[in-house]
Amino acid sequence: MFPCRYVTGRLRRQLIRPHRSLSSCPTDQVDDVMVELDSGGKMTLNGTGLEMSEPSPLVKYWVQSFDGIHPLLDVGCAYGRNVQTAHNLLKEKIDSNKTIILACDCNEGHLAAVNDLCLPGVETSFARLPDNFPPQSLGKKMNNDGASGILMSEVLHFLSGEAIEQTLVAARDVLVSGGVLAITACSPFMNFAPNESGVCHINSIIQPLYESNIDRRWPVGDGINLQTLLSGRDLDGRGDNAIKRMPTFFHPFSARDLRRAVEETGLRVISAEERWHPGYPPQYQNAGRENTQLLAVKI
């Protein structure tokens, strides 16, 4: 199924949020107008940043896990970029009377956007990590049978370490035997929003914070307030309108951190590495370690 490379100092207090089990959706919602960036990404409606300009680099492995019986689950679907990609790849297997893909999000506006795509075999369901996953309605849509593949694309870095671990246990329980879990998330090494000289003041804070706390279970587990760090900067030419859509709790983690947490659930990790995400804005590059990517299977 997978190619061979998949087989085998203290920060200032005002920049750090208290450690707690945070939801992936903030309680303070921003306006419901979609903002598209010059990079091709779209600002989300729930104040958690971006839908990427390209599908997840793991989307094809997620799609290949579809067993023809149990649906695929997209957790944090945003406007449906990964859902559309999966639907196109599975079009010969689509049955309009059967749920092939379940698109989940904690923002009703995102779910409405996916519904507006009118894709046969695609259903939507509200889901909030970690406490409302999987939601009761999701179990009914799956006939309580489970999912053959789960994609969590760019969502877990909005959770505390405790909440990530709770979510991973729930994902394990939802997967059928042989089911695949695919995760991408921001690593501590991304350049985020460098200035004109190429210097990223966020990376200059987060990476040393990670490295100085490397012995902690979750080195950046206290979280970073990106709105505070980006205050007064012109993000992708959108100014304050983009800044107010950035998360106030942001928790990047490494492949090492994620591998350990997934292995503790009993899932078998196929691959865990830091790589480039093709949907990130080009200026985010930093030696090809910008995105934490993991594939695991339930034995």
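What counts, and at which threshold
- Residues numbered from 1 in each chain as written.
- Predicted model: local features only at pLDDT ≥ 70, side-chain atom pairs only at ≥ 80, totals over all residues.
- Heavy atoms only, no water.
- Helix = DSSP H or I, 4+ residues; strand = E, 2+ residues; numbered from the N terminus.
- Buried < 20%, exposed > 50% of the residue type's maximum accessible area, 1.4 Å probe, protein only.
- Areas by Shrake-Rupley, 256 points an atom, 1.4 Å probe, with all protein chains shown as cover.
- Phe/Tyr/Trp six-rings, centres within 6.5 Å; stacked < 30°, edge-to-face > 60°.
- Lys NZ or Arg CZ within 6 Å of the ring centre and 35° of its normal.
- Lys, Arg positive; Asp, Glu negative; His and termini not counted.
- Salt bridge = Lys/Arg side-chain N within 4 Å of Asp/Glu carboxyl O.
- Polar contact = N/O pair within 3.5 Å; in protein donor to acceptor, adjacent residues only side chain to side chain.
- Contact = heavy atoms within 4.5 Å.
- Core = buried A, V, L, I, M, F, W, Y, C linked by side-chain atoms within 4.5 Å.

Q: Could you give me a rundown of the overall build of the chain, with the residues and numbers involved?
A: Secondary structure assignment for the chain yields nine helices and ten strands. For the chain, the residues scored as buried account for 57% of the 299 residues in total. Accessible surface computed for the chain: about 12,700 Å², of which carbon and sulfur atoms make up 46%.

Q: So what's going on with the packing of aromatic side chains? Which residues, and what values?
A: Throughout the structure, instances matching the rule amount to four aromatic pairs. Chaining the aromatic ring pairs together yields one cluster made of Trp276, Tyr280 and Tyr284. Positioned above the aromatic ring of Trp218, the side-chain terminus of Arg260 is 4.7 Å from the ring centre. When the ring centre of Phe189 is taken as reference, the NZ or CZ atom of Arg289 above it lies at 3.8 Å.

Q: How would you summarise the side chain of Glu154 if you had to cite specific residues and measurements?
A: Within the element layout of this structure, Glu154 appears in the loop between β7 (147-153) and α5 (161-174). Buried within the structure, Glu154 lacks any salt-bridge partner; Arg81 is the closest side chain of opposite charge, at an N-O distance of 12 Å. Within the structure, Glu154 has its side chain in polar contact with the side chain of Thr184 (distance 2.6 Å). At a separation of 2.5 Å, a polar atom in the side chain of Glu154 contacts the side chain of Tyr280. In this structure, Glu154 is in contact with Met52, Thr184, Ala185, Cys186, His277, Tyr280 and Asn291, ignoring residues within four places of it in sequence.

Q: An account of the nonpolar core is needed here, citing residue identities and associated values.
A: One finds Ile150, Met152 and Leu156 to be the most contacted residues of the largest nonpolar core, which totals 34 residues. Of all the elements in the fold, those that place two or more residues in this core are β4 (72-75), β5 (101-105), β7, α5, β8 (175-186), α9 (255-263), β9 (268-275) and β10 (291-297). Among the elements that make up this core, the one with the highest residue count is α5 (six residues). Not counting chain neighbours up to four residues away, the residues in contact with Met152 comprise Val75, Phe133, Thr167, Ala171, Leu181, Ala182, Ile183 and Thr184.

Q: Which residues make up helix α6 (residues 203-212), and what are the values?
A: Within the span of α6, buried status applies to Asn203, Ile205, Ile206, Gln207, Leu209 and Tyr210. Taken together, the buried residues of α6 touch α7 (226-230) and α9.

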